[in-house]
Amino acid sequence: MGLQHLYPLHCSCNLSFGNLKPFYQYPSQHSLCCFPDCLTDGQLGYGEENSLFPCLVERFQDLGSPETLPDEARNSDAQSSLKLSSVKAGGMMSFAIDTLGALWMWGNCPQQTDAGEFCIAASSVPLPVWDFHGHTVVKVACGNEHVVAAVSTGETYTGGDLVCYAWGKNNHGQLGLGDKESRSHPVLISSFSEESSWEVYEIACGAWHTAVLTNKKSFDVDLESRCWTFGLGDNGQLGHGTTASKCSPQPVDGLPTGTFLISLDCGLFHTTVVSSDGEVWCWGMERGLGLCPEASFSGVDAGDALHPIRVQSPETNGFKFMGPVQVACGAAHTVLVAGDGYRMWAWGRGRSGVLGRNQTADSYTPCVVMWPPLDENFQEIHEDRSQASTSGVNDHTGTELEQKLSAASEELQFLRSKLTLMERYANILHISIFRKPLDERALPRSLQESAVFDIRKEFENILDTSDTDELNRLEIFYRSMLSGVKDKLLKRRVHEMVQECIVSLSAGRQTPRG
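Keep in mind it's a predicted model, so treat the numbers as computed, not measured. (Residues numbered from 1 in each chain as written. Predicted model: local features only at pLDDT ≥ 70, side-chain atom pairs only at ≥ 80, totals over all residues. Heavy atoms only, no water.)

Caption draft 1: Main features of the environment of Phe260. Here Phe260 shows up in the loop between β14 (246-251) and β15 (261-266). Judged by its relative accessible area of 25%, Phe260 is partly exposed. Taking the C-alpha atoms as reference, Phe260 lies 7.6 Å from Leu223; in sequence the two are 37 residues apart. The residues touching Phe260, leaving out its near neighbours within four places in the chain, are Tyr201, Asn215, Leu223, Ser225, Ser275 and Ser276. (Helix = DSSP H or I, 4+ residues; strand = E, 2+ residues; numbered from the N terminus. Buried < 20%, exposed > 50% of the residue type's maximum accessible area, 1.4 Å probe, protein only. Contact = heavy atoms within 4.5 Å.)

Have a look at this one:
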C-alpha cells in the first residue's frame, strides 16, 4: 500500500511545459499525465508497467485530429500537438477529449472481434473513437465496462444540442437501450435523441448504472431539469423506490420539481446530485453513502436508500450549501465543492484520509475539507510564485498574498483549537448523559435532520437497546447523581434558613425597647 495523505496535496511532476504555466492554473493542457495505483491492462496509455509517478502519455505528442491523422503522419511539417480539453477515468478505462471534439480511449476498451462479437480488449496506447467523426464529443463517463458520451448533433457544439450515446457491457441494462445486449460501438439512446423533448447536459456512471441530467427543450415553460437513471438497481442506486434494475432511462421522481440540478456523480453503488440553490440529494447503498458495510445505522435509518435523501448542511443547520459548484463520488465517499469554489465538504468512509480532514475517521455527515492545505508543499508553491513575482512587475501582489495566507493560517489554527475544545466538551457531555463516548459514525437522527438534539428521545433509545447489566449501571450512576443533587439542594436550603435566622435576629436587636 502506498503512502496515505490525510489532506489535499499539490502534485508536481518533472515535465517541462515550455512557456506554459503549471497545470494547476489551466483546465486544459498540451500534455496528459497519468497517476497510477495498480494496473494490468494498459490504462495509463503508455505501456503495461506500473509507475509511482506521473508519466507522460506520449501518444498525444505530435498528433493532429483523428480525421487528419493519416495525412499529417506523412507530413511532419503539418503536425501540431493535440490540446486536451478534458479527461475521464473509471474501472480499467481512461478517456480524453481534445479541443477538436475527438474522443480517445485506452485500457480495457469495448471492441469487436473478427467474428463481429462483442469483447473487452486491452490497449496500452490511446485510440481514437472513429464513430463520432463529424461530431463533437463534449462529455464522457464510464463505469466498470460501459461508456456513455454526450455528443453534438452537428459538427460543432453550439450549446443545447447534445444527444447521448452508450456502448460496452450491458448485463444490467446500464446502456439504457431497452435490452441487455452489449455493444461494441456507440449506439444512440433513443430517450435522449435529437427528437426527444429532453436535451442532455450532464452524465455520470457507477459500476453498473448510469445517471443523466436533462433540460426540457420547450421554450414555452420555465427551465426544468430532470435526473434519469438506468442499469443495476440492487442497492437503490437508481432512486426509483425499488431495487429493480432498469434497461431504459427512468426519471428519479423523488427529487423536487422546480429546482435546477447543476451537477451529479455516481459512486460504485450510490448517486448524488446538487441543485443551483445548494440542495444535495443522495441515494443508494448505505443511505446513499456508498460502499460502507460498517456504517452503524439502526432502526428506520438502516439499509440502502431507495429514494433520494436530502443532505443536511452543517454550516447553515439547514439543507443548503451556499455557492454550490460540483459534486464528485468515490466508492464510499462524496465530495462537494461549494462557497463558489472556496470551500469543500466531504462525507462517507474516511479510510486512507479520503475526506481530507487530517484523520481517517468516517463521517456520515458533511465535514469541511482542509482547504487550502496549508502544509509545507502548499507553502512551497506560494513561495515559488512569490519568488517569480519579485522578478516581475507585481511585488505588491505577492506581499498581499503572503499576508492573506498568514492570516488564513492563524485563523485555521484558532478554529482547530476551538474545534478540539468543543469535541472534548461534547464527548464529556455525551458520556455524562448516555454513559458512552460520542461516536461520529452513529450520530443521532434528530441531530442529523435538524438543529435540535432530542435528548429525551435518544435516551429512550439507549434504554431500549441496553441489556440488564447496562441498565443496572445506569441506575447506579443516575441514583448517585440524584443523591448528589438532593444533597446539594438540602445544603442550599439549610444555608438559606440560617441566613433568614441571622437577618431576623439582627432585626430584633435593632427594635427599640418600650
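Here the narrative resumes.
Caption draft 2: Structural context of the pattern of salt bridges. As enumerated under the stated definition, the model contains 8 salt bridges in all. Between Arg493 and Glu496 there is a salt bridge whose closest N-O contact spans 3.4 Å. You can see Arg493 and its partner Glu496 sitting in helix α7 (residues 468-509), 3 residues apart, about one turn around the helix. (Salt bridge = Lys/Arg side-chain N within 4 Å of Asp/Glu carboxyl O.)

Caption draft 3: Structural detail: the sheet that holds strand β5 (residues 103-112). Here 4 strands make up an open sheet; going across it, the order is β3-β4-β5-β6 and the pairing antiparallel. Each edge of the open sheet carries a strand with a single partner, namely β3 (84-90) and β6 (118-128). Averaged over all neighbouring strand pairs, the angle between strand axes comes to 25 degrees, with direction disregarded. (Pairing = 2+ DSSP bridges. Axes fitted to C-alpha atoms, helices over the stretch in contact; angles between N-to-C directions.)

Caption draft 4: A look at the sheet that holds strand β10 (residues 183-188). A sheet is described by the order of its strands in space; here 4 strands give the open sequence β7-β8-β9-β10, paired in antiparallel fashion. Taken across any chain shown, the strands that pair with only one partner, and hence form the sheet edges, are β7 (137-142) and β10. Strand-to-strand, the axes of this sheet are offset by a mean angle of 20 degrees, without reference to chain direction. As paired strands, strand β9 (residues 162-168) and β10 are joined by 3 bridges and run antiparallel to one another. Looking at β10, one finds that Tyr165 is bridged to Leu188.

Caption draft 5: Examining the packing of aromatic side chains more closely. Following the criterion strictly, the structure yields 7 aromatic pairs and no others. Aromatic rings pair up to connect Phe132, Tyr165 and Trp167 into one cluster. Over the aromatic face of Phe319 sits the side chain of Arg310, whose NZ or CZ is 4.2 Å from the ring centroid. (Phe/Tyr/Trp six-rings, centres within 6.5 Å; stacked < 30°, edge-to-face > 60°. Lys NZ or Arg CZ within 6 Å of the ring centre and 35° of its normal.)

Caption draft 6: Highlighting the nonpolar core. Grouped together as the largest cluster of nonpolar side chains are 17 residues, with contacts concentrated most on Val148, Cys164, Ile189, Phe192, Val200, Ile203 and Val212. Of all elements in the fold, only β8 (146-152), β9, β11 (198-205) and β13 (225-231) reach the threshold of two or more residues within this core. Residue contributions to this core peak at 4 residues, all from β11. Each residue touching Val148, except ones within four places of it in the same chain, is listed here: Lys139, Val140, Ala141, Cys164, Tyr165, Ala166, Ile203, Cys205 and Thr210. Counting residues in each nonpolar core, the second largest holds 15 residues, with Cys109, Val140, Cys142 and Ala149 among its members. (Core = buried A, V, L, I, M, F, W, Y, C linked by side-chain atoms within 4.5 Å.)

Caption draft 7: Quick peek at the environment of Leu289. As for its position among the elements, Leu289 is in the loop between α2 (285-288) and β18 (305-311). Under the relative-accessibility criterion, Leu289 is labelled buried at 4%. Sequence-wise, Leu289 and Thr334 are 45 residues apart; in three dimensions their C-alpha atoms are separated by 7.4 Å.

Caption draft 8: Examining the confidence of the model for the protein more closely. Averaged over all residues, the pLDDT of the protein equals 78, while 70% of them reach at least 70. For the protein, per-element mean pLDDT is lowest for helix α1 (residues 69-74), which scores 48, and highest for β14, which scores 97. Here residues 12-31 is a poorly scored stretch, pLDDT under 50, and it has 28 contacts once near neighbours within four places are set aside; other chains count. Note that residues 35-40 has pLDDT below 50 and, in this model, 12 contacts with residues that lie over four places away or in other chains. (pLDDT = per-residue confidence, 0-100.)

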